[in-house]
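Spelled out from the first residue to the last, the chains are:
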Amino acid sequence: MANPIFKMMNGGNRQNGNMISQFQQFMQQMKGKNPDQMLNELVSSGKVNQSQLNQVQGMAHQMQSQFDGIKNIFGF
């Protein structure tokens with residue numbers, strides 16, 4: 001059985017390749033923008049309420065902890 005990480009890095013899965021492409025597009029769109037200002041605008045416009053923002057920020061914090069663990073495994 002092939003190593004899934006190796007397959008992903010070599011484009012073995014189109015869906016993962018598409019996800020990487022989408023992330024690259026996202027990064028280009030975000031270049032030069034202030035994410036805190038964008039979040040404040042979403043809350044002040046009513047598109048997102050403070051409770052929703054708090055929930056997503058909590059999830060992001062949990063994910064950051066997981067990514068930090070992975071980075072340590074690979075020595076980043």
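Summary of the structure given here. Note that the structure is predicted; figures quoted are calculated from it, not measured.

Things to note about the overall build of the protein
Okay, so step 1: Within the protein, the regular secondary structure consists of four helices and zero strands.
Okay, so step 2: Each helix and strand of the protein, ordered N terminal to C terminal, gives the series α-α-α-α.
Okay, so step 3: Considering the protein as a whole, with its 76 residues, one finds that 3% of them fall into the buried category.
Okay, so step 4: Here the protein has roughly 7100 Å² of accessible surface; of this, 57% comes from carbon and sulfur atoms.

Regarding the pattern of salt bridges
Okay, so step 1: Applying the stated rule across the entire model yields one salt bridge.
Okay, so step 2: The partner of Lys71 in a salt bridge is Asp68, with the nearest N and O atoms 3.6 Å apart. Placement of both Lys71 and Asp68 in helix 4 (residues 50-74) is noted, with a separation of three residues, approximately one turn of the helix.

Overview of helix 3 (residues 35-45)
Okay, so step 1: By the N-cap criterion, in which a side-chain oxygen at the helix start approaches the backbone nitrogen of a residue two or three places on, helix 3 is capped by Asn34, the distance to Asp36 being 2.9 Å.
Okay, so step 2: Once helix 3 finishes, Gly46 follows within two positions and takes phi at roughly 90 degrees, a positive value.

Section: a nonpolar patch on the surface
Okay, so step 1: Residues Met63, Phe67, Ile70, Ile73, Phe74 and Phe76 make up a contiguous nonpolar surface patch of about 720 Å² in total accessible area.
Okay, so step 2: Residue placement: Phe67 occurs in helix 4.

Quick look at the environment of Leu42
Okay, so step 1: By secondary structure assignment, the location of Leu42 is in helix 3.
Okay, so step 2: We classify Leu42 as partly exposed; its relative accessible area is 35%.
Okay, so step 3: On a C-alpha basis, the gap between Leu42 and Leu53 in space is 9.3 Å, while along the polypeptide they are eleven residues apart.
Okay, so step 4: Aside from chain neighbours lying at most four places away, what touches Leu42 is Lys47 and Val48.

Looking at helix 4
Okay, so step 1: Taking 1.5 Å as the rise per residue, helix 4 with 25 residues should run 36 Å; its terminal C-alpha atoms sit 36 Å apart, in good agreement.
Okay, so step 2: By the N-cap criterion, in which a side-chain oxygen at the helix start approaches the backbone nitrogen of a residue two or three places on, helix 4 is capped by Asn49, the distance to Ser51 being 3.0 Å.
Okay, so step 3: Of the residues trailing helix 4, Gly75 is marked for its positive phi of about 75 degrees.

Quick notes on the packing of aromatic side chains
Okay, so step 1: Applying the stated rule across the entire model yields one aromatic pair.
Okay, so step 2: Taking the centre distance of 6.3 Å and the plane angle of 35 degrees together, the rings of Phe23 and Phe26 count as tilted. Of this pair, Phe23 and Phe26 are both found in helix 2 (residues 14-30), three residues apart, which corresponds to roughly one turn of the helix.

Reading the values: the criteria
Residues numbered from 1 in each chain as written. Predicted model: local features only at pLDDT ≥ 70, side-chain atom pairs only at ≥ 80, totals over all residues. Heavy atoms only, no water. Helix = DSSP H or I, 4+ residues; strand = E, 2+ residues; numbered from the N terminus. Buried < 20%, exposed > 50% of the residue type's maximum accessible area, 1.4 Å probe, protein only. Areas by Shrake-Rupley, 256 points an atom, 1.4 Å probe, with all protein chains shown as cover. Salt bridge = Lys/Arg side-chain N within 4 Å of Asp/Glu carboxyl O. Polar contact = N/O pair within 3.5 Å; in protein donor to acceptor, adjacent residues only side chain to side chain. Patch = residues over 30% accessible without salt bridge, like charges linked within 9 Å, V, L, I, M, F, W, Y side chains within 5 Å. Contact = heavy atoms within 4.5 Å. Expected span 1.5 Å × (residues − 1). Phe/Tyr/Trp six-rings, centres within 6.5 Å; stacked < 30°, edge-to-face > 60°.

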